[in-house]
Amino acid sequence: DEEDDESEEEEAPPPPSKKRQPVTPAASAKKQKTEAKPTPTPKQAAAAKAQPAGAGTPGAAGWTAAQEAALKKAAAATDASTPNRWAKVAEKVGGGKSKDACKKHFKELGAK
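Residues numbered from 1 in each chain as written. Predicted model: local features only at pLDDT ≥ 70, side-chain atom pairs only at ≥ 80, totals over all residues. Heavy atoms only, no water.

### Focus on the overall build of the protein
Point 1. The helix and strand inventory of the protein stands at 6 helices and 0 strands.
Point 2. Taken from N to C terminus, the helices and strands of the protein fall in the order α-α-α-α-α-α.
Point 3. Burial analysis of the protein (112 residues in total) assigns 15% to the buried set.
Point 4. At a minimum sequence separation of 6, the contacts of the protein that also span at least 24 residues come to 37%.
Point 5. Only carbon and sulfur atoms are counted for the fraction: they give 53% of the accessible area of the protein, which is about 9,800 Å². (Helix = DSSP H or I, 4+ residues; strand = E, 2+ residues; numbered from the N terminus. Buried < 20%, exposed > 50% of the residue type's maximum accessible area, 1.4 Å probe, protein only. Contact = heavy atoms within 4.5 Å. Areas by Shrake-Rupley, 256 points an atom, 1.4 Å probe, with all protein chains shown as cover.)

Right, dumping it as structure tokens:
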């Protein structure tokens, strides 16, 4: 009798394997929580409106017209023989621009 029981038992087939789909950037973006942009304060909104058109819009390599003007002015006011010239220029330009970025962009503008 025991032999019959053993032969009647069938081994269950393994569950069908799920093929893993490659994760695409679009698919992963859907999974990430979206964060709402903070609402600007009235003071920030007024400051944004006060800027001339194009002054806050980055151009080549993320430079705004205001930053380019500050770069030209700072470079002109800082003599080429000044130690750490480009670090000083970068401080005057602001906006997180490094001394190397200022030097490179100044050369790209064709200014001396």
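This is not the end of the story, as more comes after the structure.
### Comments concerning the nonpolar core
Point 1. Core analysis: the biggest nonpolar cluster contains 10 residues, these being Trp63, Leu71, Ala74, Ala75, Trp86, Val89, Ala90, Val93, Cys102 and Phe106.
Point 2. Breaking this core down by element, the ones donating at least two residues are helix 4 (65–77), helix 5 (85–93) and helix 6 (99–108).
Point 3. The greatest single-element share of this core, amounting to 4 residues, is contributed by helix 5. (Core = buried A, V, L, I, M, F, W, Y, C linked by side-chain atoms within 4.5 Å.)

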